[in-house]
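# Structural features, examined
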Amino acid sequence: GTDGIEYRMYNPSKQLWDHDPTGEFVRRYVPELAACPLQHLAEPWMMPLKEQLACGVVIGDTYPRPIVNHTEAMRQARVRLAPLECRASLRLR
């Protein structure tokens, strides 16, 4: 996501580690991920299939596949936003 300050973009995976480092919030409100190992909680689709089967969090079966590649989406957004002037910069004129 973005906010109004110079097109700052947030990485959803990093936000989990910054604001829910133990996974308590995610496990409570996304019960499908309750058994997911902590090291894969932010990006369960990166978990090896053997681990998915062991914990019961199987991407594309018990938990959906990602619909957005955040790395690529942020790259595209930066390319599109680069030519624009931020509202904050306009106020400084």
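In short, a report on the structure.

Reading the values: rules and limits
Residues numbered from 1 in each chain as written. Predicted model: local features only at pLDDT ≥ 70, side-chain atom pairs only at ≥ 80, totals over all residues. Heavy atoms only, no water. 1 Å grid on protein atoms, 1.4 Å probe; cavity = no way out; pocket = protein on both sides within 12 Å on 5 of 7 lines; lining within 4 Å. Points joined across faces, edges and corners; volume = space filled by probe spheres on them. Nonpolar A, V, L, I, M, F, W, Y, C, P; charged D, E, K, R; others polar. Salt bridge = Lys/Arg side-chain N within 4 Å of Asp/Glu carboxyl O. Helix = DSSP H or I, 4+ residues; strand = E, 2+ residues; numbered from the N terminus. Buried < 20%, exposed > 50% of the residue type's maximum accessible area, 1.4 Å probe, protein only. Polar contact = N/O pair within 3.5 Å; in protein donor to acceptor, adjacent residues only side chain to side chain. Contact = heavy atoms within 4.5 Å. Expected span 1.5 Å × (residues − 1). Phe/Tyr/Trp six-rings, centres within 6.5 Å; stacked < 30°, edge-to-face > 60°.

Time to look at the layout of surface pockets. Over the atoms rolls a probe the size of a water molecule, and in doing so it shows where empty space is left. The space that makes up the largest pocket amounts to roughly 210 Å³. Around the largest pocket, the lining is made up of 14 residues, and of these Val26, Leu33, Leu41, Ala42 and Tyr63 lie nearest the centre. Counted by class, the lining of the largest pocket contains twelve nonpolar, two polar and no charged residues.

With the rule as written, the count across this model stands at two salt bridges. A salt bridge links lysine 14 to aspartate 18, with the nearest nitrogen and oxygen atoms 2.5 Å apart. Separated by four residues within a single helix, lysine 14 and aspartate 18 lie in helix H1 (residues 12–19), roughly one turn from each other. Residue class for lysine 14 comes out partly exposed when judged on its relative accessible area of 47%. For arginine 75, the salt bridge goes to glutamate 72, with nearest N and O atoms at 2.7 Å. Here glutamate 72 and arginine 75 lie together in helix H4 (residues 70–81), a separation of three residues that amounts to about one turn.

A few words now on the side chain of glutamine 52. For glutamine 52, the position within the fold is in helix H3 (residues 49–55). Among the residues examined, glutamine 52 registers a relative accessible area of 6% and is labelled buried. A polar side-chain atom of glutamine 52 sits 2.8 Å from the main-chain amide nitrogen of isoleucine 59. Non-local contacts of glutamine 52, meaning those with residues more than four positions away in its chain, are made with Pro44, Trp45, Met47, Val57, Val58 and Ile59.

Right, let's talk about H4 for a bit. A rise of 1.5 Å per residue sets the reference length of H4, with its twelve residues, at 16 Å; its end C-alpha atoms lie 16 Å apart and thus fit the reference within 8%. In this structure asparagine 69 caps H4, since a side-chain oxygen of it lies 3.1 Å from the backbone nitrogen of threonine 71.

As a further point, take the packing of aromatic side chains. Summed over the entire model, instances satisfying the criterion amount to one aromatic pair. Summarising the aromatic geometry, the rings of phenylalanine 25 and tyrosine 29 are spaced 4.7 Å apart at their centres and angled 45 degrees between planes, so their arrangement reads as tilted. Note that phenylalanine 25 and tyrosine 29 are positioned in helix H2 (residues 24–29) at a spacing of four residues, about one turn of the helix. For phenylalanine 25, a relative accessible area of 53% gives the class exposed.

This part is about the side chain of histidine 40. Mapped onto the secondary structure, histidine 40 falls in the loop between H2 and H3. According to the relative accessible area criterion, histidine 40 is buried, its value standing at 13%. Residues contacting histidine 40, with those up to four places away along its chain left out, are Met46, Met47, Pro48 and Glu51.

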